[in-house]
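Residue strings, one per chain:
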Amino acid sequence: MNATGSLTIRNRGGQPLCEPMLPIAYRVKSFQAETHDIFTMNLVPSDASTKIPRFFPGQFNMIYAFGAGEVPISISGDPGRAGDCIHTIRAVGQTTALLQKLKPGADVGIRGPYGRPWPVDKAQGKDLVLIAGGIGLAPLRPALYHALGNRLQYGRIVLLFGTRTSRDILFANELAEWGRRKDMQVLITVDAGDANWKGRVGVVPKLISEARFDPLHSVAMICGPEIMMRYTIPELTGLGMSEDRIFVTMERSMKCGIGFCGHCQYGGVFVCKDGPVFSYDEVGAVFLRKEF
Amino acid sequence: MNRFEASDLGKLLSSIESAGYRLVGPRVYNQAVVYDEIRGLNDLPRGWTDEQGPGFYRIKKTDSRAYFGYSSSPRTWKESLFKSRERLFSSTKTKNGSIQFTREPVEAPKVAFIGVRACDVVAIAIQDRIFIEPRIQDPAYQARRENALIVAVQCTSSSPTCFCASMNTGPEVRGGYDLALTEIVSEREHYFLIQENSAEGERVLALFERSGHLNDGIEEYRACARPVFEEVARTQKRRMDLTGVRKLLNNNFEHPRWENVAARCLNCTNCTLVCPTCFCATVEDTADLGNSTAERWRRWDSCFTLDHSYIHGGSVRYTGKSRYRQWMTHKLSTWWDQFGTTGCVGCGRCITWCPVGIDITEEAEAIAKNENN
Amino acid sequence: MKTIEELLGEHQFFQKLSRSDIDLLAGCGRNQIARAGEYLAHEGASAEAFYVIRTGTLALEMQAPGYANLTVETLGPGQVVGWSWLFPPYRWVFDVRAVEDSRLVAMDGVCLRSKAEADPALGYRLMKVCAEEMNARLRSTRFQVLDIYGAKKKAS
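Residues numbered from 1 in each chain as written. Chains lettered and ligands numbered in written order. Predicted model: local features only at pLDDT ≥ 70, side-chain atom pairs only at ≥ 80, totals over all residues. Heavy atoms only, no water.

## Some details on the overall build of chain A
The secondary structure content of chain A amounts to five helices and 15 strands. Its C-alpha atoms give chain A a radius of gyration of 20 Å, within 12% of the compact-globule value 19 Å for 292 residues. Taken across its 292 residues, chain A has 58% of its residues classed as buried. For chain A, the exposed surface amounts to about 11,600 Å²; the carbon and sulfur share of it is 52%. Each charge class in chain A was averaged separately, 33 positive and 27 negative side chains, and the resulting centres sit 3 Å apart. (Helix = DSSP H or I, 4+ residues; strand = E, 2+ residues; numbered from the N terminus. Rg over C-alpha atoms; globule rule 2.2 N^0.38 Å. Buried < 20%, exposed > 50% of the residue type's maximum accessible area, 1.4 Å probe, protein only. Areas by Shrake-Rupley, 256 points an atom, 1.4 Å probe, with all protein chains shown as cover. Lys, Arg positive; Asp, Glu negative; His and termini not counted. Charge placed at Lys NZ, Arg CZ, Asp CG, Glu CD.)

## Brief notes about the overall build of chain C
Counting its secondary structure elements, chain C contains four helices and eight strands. Secondary structure elements of chain C, listed N to C terminal, follow the sequence α-α-β-β-β-β-β-β-β-β-α-α. Along the first, second and third principal axes, the C-alpha set of chain C runs to 55 × 40 × 30 Å. Looking at chain C as a whole, 44% of its 156 residues qualify as buried. Taking the intrachain contacts of chain C between residues at least 6 apart in sequence as the baseline, contacts between residues at least 24 apart amount to 75%. For chain C, the exposed area adds up to about 8,100 Å²; of that, 57% sits on carbon and sulfur atoms. Looking at charge distribution, chain C has the averaged site of its 19 positive side-chain charges lying 6 Å from that of its 19 negative ones. (Contact = heavy atoms within 4.5 Å.)

## Quick look at the pattern of salt bridges
The tally for this structure, following the rule as stated, stands at 48 salt bridges over all chains. The residue Glu 70 of chain A makes a salt bridge to Arg 111 of chain A at a minimum N-O spacing of 2.8 Å. Taken together, the positions of Glu 70 of chain A in strand β4 (residues 69-74) and Arg 111 of chain A in strand β6 (residues 107-114) put the pair 41 residues apart, joining distant regions of the chain. Exposure remark for Glu 70 of chain A: the relative accessible area of 12% places this residue in the buried category. In the salt-bridge network here, residues are joined through shared partners; they are Glu 70 and Arg 111 of chain A together with Asp 285 and Arg 296 of chain B. (Salt bridge = Lys/Arg side-chain N within 4 Å of Asp/Glu carboxyl O.)

## Some points on the state of the cysteines
For the coordinates displayed, the defined rule picks out one disulfide over all chains. Covalently, Cys 28 of chain C is tied to Cys 111 of chain C through a disulfide, its sulfur atoms 1.9 Å apart. Residues Cys 28 of chain C and Cys 111 of chain C are joined by a disulfide whose S-S torsion is about -70°; by sign, that bridge is left-handed. Placement of Cys 28 of chain C in the loop between α2 (19-26) and β1 (29-34) and of Cys 111 of chain C in helix α3 (residues 109-118) is noted, with a sequence separation of 83 residues between them. With relative accessibility at 5%, the residue Cys 28 of chain C sits in the buried group. Just so you know, Cys 256 of chain A is unpaired, no disulfide at all, and the nearest cysteine sulfur is the one on Cys 261 of chain A, 3.8 Å from it. (Disulfide = S-S within 2.5 Å.)

## Side note on the pairing of strand β5 (residues 56-61) of chain B
Residue and element names in this part refer to chain B. Note: strand β4 (residues 48-53) against β5, six bridges, orientation antiparallel. If you follow Gly 53 over to β5, its bridge partner there is Phe 56. Hairpin connection of β4 to β5: two residues between the antiparallel strands, including Gly 55 at a positive phi of 65°. (Pairing = 2+ DSSP bridges.)

## Some points on the interface of chain A and chain C
Between chain A and chain C, the contact holds 23 residues from the first and 20 residues from the second. Approximately 1,800 Å² of surface area, both sides summed, lies buried where chain A meets chain C, with 56% of it carried by carbon and sulfur atoms. Per-residue buried area on chain A facing chain C is highest for Arg 164, Asp 191 and Lys 206 of chain A; these three make up 27% of the total on that side. Counting across the interface, chain A meets chain C through two salt bridges. For Lys 206 of chain A, the salt bridge goes to Glu 73 of chain C, with nearest N and O atoms at 2.6 Å. Summed over the shared surface of chain A and chain C, the number is eight residue pairs in polar contact (both at pLDDT 80 or more). Contributing elements (two or more residues each) for the side of chain A that touches chain C: β8 (157-163), β10 (200-201) and α4 (226-238) of chain A. For the side of chain A that touches chain C, the element with the highest residue contribution is α4 of chain A, accounting for four residues. Grouping the constituent residues of the side of chain A that touches chain C by class yields eight nonpolar, seven polar and eight charged. (Buried area = accessible area lost by both parts, 1.4 Å probe. Polar contact = N/O pair within 3.5 Å; in protein donor to acceptor, adjacent residues only side chain to side chain. Nonpolar A, V, L, I, M, F, W, Y, C, P; charged D, E, K, R; others polar.)

## As for the confidence of the model for chain C
Put simply, chain C has an average pLDDT of 90, and 94% of its residues get 70 or more. Our summary of model confidence lists the complex with pTM equal to 0.90 and ipTM equal to 0.93. (pLDDT = per-residue confidence, 0-100.)

## A closer look at the sheet that holds strand β7 (residues 99-103) of chain B
Strands pair in a sheet through their backbones, by hydrogen bonds, and they do so in one of two ways: parallel or antiparallel. All names here are of chain B. Read across the open sheet, the four strands follow the order β7-β6-β14-β13; overall the sheet is antiparallel. The sheet terminates laterally at β7 and β13 (281-287), the two strands that pair on one side only. Across the sheet, the mean angle from the axis of one strand to that of its neighbour is 20°, orientation sign disregarded. Sheet analysis places strand β6 (residues 85-93) next to β7, joined by five bridges and oriented antiparallel. (Axes fitted to C-alpha atoms, helices over the stretch in contact; angles between N-to-C directions.)

## A closer look at the packing of aromatic side chains
We describe a pair of aromatic rings using the distance from one ring centre to the other and the angle between the two ring planes. In total, this model carries 35 aromatic pairs over all chains according to the counting rule given. Ring geometry for Phe 279 of chain B versus Trp 335 of chain B: centroids 5.4 Å apart, planes at 85°, classification edge-to-face. Of this pair, Phe 279 of chain B sits in the loop between α9 (270-274) and β13 while Trp 335 of chain B sits in helix α10 (residues 320-339); the two residues are 56 residues apart in sequence, bridging distant segments of the chain. On the basis of relative accessibility, which here comes to 2%, the residue Phe 279 of chain B falls in the buried class. A centroid spacing of 5.9 Å and a plane angle of 70° characterise the contact between Phe 13 of chain C and Phe 50 of chain C, whose relative ring orientation is edge-to-face. Of this pair, Phe 13 of chain C sits in the loop between α1 (4-10) and α2 while Phe 50 of chain C sits in strand β3 (residues 49-55), and the two are 37 residues apart along the sequence. The same class applies to Phe 13 of chain C as to Phe 50 of chain C, namely buried. (Phe/Tyr/Trp six-rings, centres within 6.5 Å; stacked < 30°, edge-to-face > 60°.)

## Regarding unusual backbone geometry
A cis amide bond, omega 5°, links Gly 275 of chain A with the succeeding residue Pro 276 of chain A. Mapped onto the elements of the fold, Pro 276 of chain A is located in the loop between β14 (269-270) and β15 (277-279). That bond from Gly 170 of chain B to Pro 171 of chain B is cis: its omega, 5°, falls within 30 degrees of zero. Inspection of the secondary structure assignment puts Pro 171 of chain B in the loop between β9 (148-153) and β10 (179-185). Even without being glycine, Asn 168 of chain B reaches a positive phi, approximately 65°. Here Asn 168 of chain B is to be found in the loop between β9 and β10. In this structure, Asp 147 of chain C takes a positive phi of about 55° despite not being glycine. For Asp 147 of chain C, the position within the fold is in the segment after α4 (120-146).

## Side note on α10 of chain B
The sharpest bend along α10 of chain B reaches about 60° and sits at His 330 of chain B. At the exit of α10 of chain B stands Gly 340 of chain B, carrying a positive phi of roughly 80°. (Bend = angle between axes of the 7 residues up to and from the residue.)

## Concerning the interface of chain A and chain B
Many authors give the size of an interface as the accessible area that is lost as the parts come together. Between chain A and chain B, the contact holds 52 residues from the first and 61 residues from the second. Carbon and sulfur atoms make up 56% of the area that chain A and chain B hide from each other, which totals about 4,700 Å². At the surface where chain A touches chain B, the tally comes to one salt bridge. Of the charged contacts in the structure, one is a salt bridge between Arg 296 of chain B and Glu 70 of chain A, with a shortest N-O distance of 3.2 Å. At the surface where chain A touches chain B, the tally comes to 15 residue pairs in polar contact (both at pLDDT 80 or more). Elements represented by at least two residues in the side of chain A that touches chain B include exactly β1 (24-33), β4, β6 and β14 of chain A.

So this is what it looks like as structure tokens:
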């Protein structure tokens, strides 16, 4: 009996059960390049008898590239479908560059799912406004899948997506498909136009004035670079949206994903276990603090 | 509350050993009192005392008979529970890319911590809340913690850098220990008071009772020990406003004092190394040249490094000022939000071991004195 | 068939102006339809109009060696295009092209300038709404320039 009064559960060898830092081997089932630096991996457990744990939209896994390190990556698949473990990753550093080189059949390590998910339940009965910048569309996609799979539970659905150039548009085919649907509105913009792009040019918040939703009966979920979230939020609150219905996702350095290593502290919360999703009224007071 | 003569201290240590525990306790090494493996009475720093101040630490031999006449150590008990380097797992990869993960067996021998000061007892309890919390446990920490016997030795004096009284952690222990000793030394007498506080403490005390002479000690506690504790608490010069500092630091994020301390702080990470509650760690993944076997190690880290807040492209806290502010605000303020208690136990190690003598109590006072509105 | 006064009154840009101001300024406006692909202005041409977008999309574009049409920004319903009528030398800085069929109210710059000179108080109120819109546009443009989706630059 230890000081907290709980008994450690041990296995037959006398070893404490459940080492939360030990990954489970997963195999790359399929691999797809999305843009020049973003790719999607579909993973399955290497041991076929292992079940993929259920996940909620907005949660992430810690993905281990053998011998190199771990990175926290949001799950980008459909939470309503069992049998898939899908991640959309941007190759920005050493570990993600290694993951980008993997072929189907290769193994990675997976720990998770971790994190507080998008409050899709809170948005029931209201309009749902999803605002994505760049790779931020990937962590939002599961929320959209969930809403479309439970369409009657939501009012109007709006997806606003912005990225750097037309070459960086993520999930282009799906965006086109969603854009054709009669039961949701999709608006896309890029920061810099080019010869092939016939669509909107300008920053994401500009799309808000064209979006069809009721600011007094909506929930907004924003995912993208911190700067983008910072200039998007005033456009929403300016319309009368309350801060407790605006949700953002924070990103900080993570070494464990489970609240032990201390790296992802964001003031009084840990991004890994108290987030990464936060409502703006939770973090608003510190959101603009520099070097926080 | 019992008492025994100091001449029986060796028998107490033997009883603890016969209860199955290895002994880790204070000894003199490399011009400091450190916590390390000890074999018995003779290893204890009898007669030694320490002199501490901001950026200052010396030990001195006196002709006192006291075994525990020093205040604190640059070492902490987190070294035994939350090890500075630990392998988490090893793995192998075949040529076709399939990975096998092998869990690291947990080593958790039964160890008795001899000489845990009241502040350090609380520090252990604080770390328990991090590593053994309801949802996820660190199994190695938990196993070592269960097999640890905490034998506190209460403080009958304090160092100038101590401020346990205002942090409500000492000089007297309140809980969280198995056995607590108080050493009373005078011209004519030398004895120990001993109090048990757990089932395991009772068991060890019963073993000791068979070989040593235990008398009732409640009178001596009232007459000698308690007045000393009160005197120690009363005369501590350094103070911290335990509850007030929480809001103070949250409300003064842009206070000019941060620039002031940043000009002095070397970002050397000494404070985080000696702090008994600091828990930041990083993970090192390595592989052999053939990339066929790999290991993951966890090692202590410090929020004073640039690396600590690095996310693709740069560090969030890229100035020394923001890193000092992070450490102090976490320790005294946001720790409350995270774990429900303060993170500071008032042991004063950060003051003693800071090479430029930055004093966390002085910094808090300076901010409070001309607070932003 | 709505009058110019009514159309302007409904438009976001004119929200902060009073009924009587709008009625005064409406005299400078006329309906215009732009077909998809049609150029409303060319870089360097004399700028005597600004366009109030009712429906459709207009693009600000640049042409340069190596770039066919570089779109700087697109603007849609509720927005306006064109400031060069306010400042000498009164020349368009960009090309303005309709991306799709668009219904506009074209406001005559010379007419607006002369009304503002004749009634400075009206001119001041008009200038205020123009300045506010330009400020918002500048803010957006600065965020565009930051290139936040690009490869991160080191902070230090």
